[in-house]
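As a plain string of letters, each chain reads:
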Amino acid sequence: ETGRVHGESNDNKTKKKSIEQNILQLLKQSKGNILDDEVLIKSLTESKVTSEEIESRLRAAQITQDRINNSRTNYESVASLTSTFYFTILKLSVLDPMYYLSLIHIS
């Protein structure tokens, strides 16, 4: 899910940047009073709606990312203890081969 969230966030940021560039280009090409330019006004209106949708998606993606990070943090202590346990048993096989054979039964 993390990969999907990152991909969507990057896509949304790219779309937002494209919209901004489009607006700047239209403003640059505009001649005379910009309030009389119907294409520019229409583009600005559409851009506003699209930008609001993108912002909403970005906020949702950030909430999802925070939830994933919190879940990952909860499992860090378990992962640390489990790895310590595993490698301790693995090192016991140096003392006696019986410990190595017991690892086969744990898996």
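Residues numbered from 1 in each chain as written. Predicted model: local features only at pLDDT ≥ 70, side-chain atom pairs only at ≥ 80, totals over all residues. Heavy atoms only, no water.

Moving on to the pattern of salt bridges. One pass over the full model with this rule turns up three salt bridges. The partner of Glu55 in a salt bridge is Lys16, with the nearest N and O atoms 2.1 Å apart. Remark: Lys16 occurs in helix H1 (residues 2–29) and Glu55 occurs in helix H2 (residues 38–92); sequence separation between them is 39 residues. Overall, the relative accessible area of 27% leaves Glu55 in the partly exposed class. The shortest N-O distance in the salt bridge between Arg57 and Glu53 comes to 3.7 Å. Separated by four residues within a single helix, Arg57 and Glu53 lie in helix H2, roughly one turn from each other. (Salt bridge = Lys/Arg side-chain N within 4 Å of Asp/Glu carboxyl O. Helix = DSSP H or I, 4+ residues; strand = E, 2+ residues; numbered from the N terminus. Buried < 20%, exposed > 50% of the residue type's maximum accessible area, 1.4 Å probe, protein only.)

Along the polypeptide, Ser30 turns up in the loop between H1 and H2. Judged by its relative accessible area of 16%, Ser30 falls in the buried class. Setting aside anything within four residues of it in sequence, one finds Ser30 in contact with Asp37 and Leu40. (Contact = heavy atoms within 4.5 Å.)

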